Amino acid sequence: MSLTNLLAISLGAILTNNFIFSQFLGICPFLGVSKKTDTAIGMGLAVTFVMGLASAFTFFVNKLLVALGLEYMQTVAFILVIASLVQFVEMFMKKAMPTLYTALGVYLPLITTNCAVLGVALLNVQSNYNFIESVVYGITGGLGFLLAIFLFAAVRESLEFAETPKCFEGFPIALITAGLLALGFMGFSGMVVWQ
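Let me sum up the structure you'll find in this document. (Residues numbered from 1 in each chain as written. Predicted model: local features only at pLDDT ≥ 70, side-chain atom pairs only at ≥ 80, totals over all residues. Heavy atoms only, no water.)

1. Structural notes on the environment of Phe59
Move 1: By the secondary structure assignment, Phe59 is in helix 3 (residues 37-68).
Move 2: A relative accessible area of 15% means that Phe59 is categorised as buried.
Move 3: Expressed as a C-alpha distance, the spacing of Phe59 and Leu100, which sit 41 residues apart in the sequence, is 30 Å.
Move 4: Not counting residues up to four positions away in its chain, the partners in contact with Phe59 are Tyr129, Asn130, Phe131 and Ser134. (Helix = DSSP H or I, 4+ residues; strand = E, 2+ residues; numbered from the N terminus. Buried < 20%, exposed > 50% of the residue type's maximum accessible area, 1.4 Å probe, protein only. Contact = heavy atoms within 4.5 Å.)

2. Quick word on the pattern of salt bridges
Move 1: Inspection of every chain in the model, using the stated rule, returns two salt bridges.
Move 2: Measuring nitrogen to oxygen at the nearest pair gives 3.5 Å for the salt bridge that ties Lys36 to Glu160. Note that Lys36 is positioned in the loop between helix 2 (27-32) and helix 3 and Glu160 in the loop between helix 7 (131-159) and helix 8 (171-186), a separation of 124 residues in sequence.
Move 3: Since its relative accessible area comes to 38%, Lys36 is described here as partly exposed.
Move 4: On the basis of relative accessible area, Glu160 is assigned to the partly exposed category, the value being 49%.
Move 5: With its nearest N and O atoms 3.7 Å apart, the salt bridge here joins Glu169 to Lys166. (Salt bridge = Lys/Arg side-chain N within 4 Å of Asp/Glu carboxyl O.)

3. Side note on unusual backbone geometry
Move 1: Of note in the backbone geometry, Phe24 takes a positive phi value of approximately 55 degrees without being a glycine.
Move 2: Tracing the backbone shows Phe24 in the loop between helix 1 (3-16) and helix 2.
Move 3: Given a relative accessible area of 55%, Phe24 falls into the exposed group.
Move 4: Although it is not a glycine, Asn128 sits at a positive phi angle of roughly 60 degrees.
Move 5: Relative to the helices and strands, Asn128 is located in the loop between helix 6 (115-126) and helix 7.

4. Things to note about the nonpolar core
Move 1: In this structure, Phe21, Phe30, Ile111 and Val117 are the most contacted members of the largest nonpolar core, which totals 43 residues.
Move 2: Contributing elements (two or more residues each) for this core: helix 1, helix 2, helix 3, helix 4 (74-96), helix 6, helix 7 and helix 8. (Core = buried A, V, L, I, M, F, W, Y, C linked by side-chain atoms within 4.5 Å.)

5. A closer look at a nonpolar patch on the surface
Move 1: A cluster of nonpolar side chains, Phe168, Ile176, Leu180, Leu183 and Met186, forms an exposed patch at the surface whose accessible area comes to about 490 Å².
Move 2: Note on placement: Met186 falls in helix 8.
Move 3: Judged by its relative accessible area of 54%, Met186 is exposed. (Patch = residues over 30% accessible without salt bridge, like charges linked within 9 Å, V, L, I, M, F, W, Y side chains within 5 Å. Areas by Shrake-Rupley, 256 points an atom, 1.4 Å probe, with all protein chains shown as cover.)

6. What to know about the packing of aromatic side chains
A ring pair, where both rings are aromatic, is described by two values, the distance of the centres and the angle of the planes.
Move 1: In the structure shown here, the tally under the stated rule is nine aromatic pairs.
Move 2: When the ring of Phe59 is compared with that of Phe60, the centres are 5.4 Å apart and the planes differ by 85 degrees; the resulting orientation is edge-to-face.
Move 3: Look at Phe59 and Phe131: their rings are 5.6 Å apart centre to centre, the planes differ by 65 degrees, and that puts the pair in the edge-to-face class. One end of the pair, Phe59, is in helix 3; the other, Phe131, is in helix 7, with 72 residues separating them in the sequence.
Move 4: Residue classification places Phe131 among the partly exposed residues on the basis of a relative accessible area of 30%.
Move 5: Linked through ring pairs, Phe21, Phe30, Phe152 and Phe185 together constitute an aromatic cluster. (Phe/Tyr/Trp six-rings, centres within 6.5 Å; stacked < 30°, edge-to-face > 60°.)

These figures come from the coordinates and say nothing about function on their own.
Spelled out as structure tokens, the structure:
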């Protein structure tokens, strides 16, 4: 494990393999919570926290499952771990940040079913990452999610004041904007970090 490898994993998770724009994971909260930047940042931070913790916990759960010969139970076990972590985050936010907890509303429990969180755990296993690489991938994948949802929320806030044709008002222009942002992030896929 080298610093160069960790940097490559980080840049890949944030830019080239962004969960939203490249892998199309986590689209539900991305579209649902991205109307205001403050709630988008809160959701992004919560997802980042859960992704980092989920990567750490599922690494050890996966080691246990492999040792017991129960690799086929990965998805079920990972979902249970993620659901438990989300309950922990929800209780913490309710106590520590009640205004953000109220603002996120129903979207906070949706982290449990956020396929990006499950995706990071499964991709860690598929990529054969060690513990540090798994945690780095989880946290930077969450930061990529945060970047994507923040940029999209900022654009959506601006679009409220823009003149758009009647047929594009609301959700249609949001989908077009998401597509354009995805095209922008696709430009990072040809990026060579070092040779």
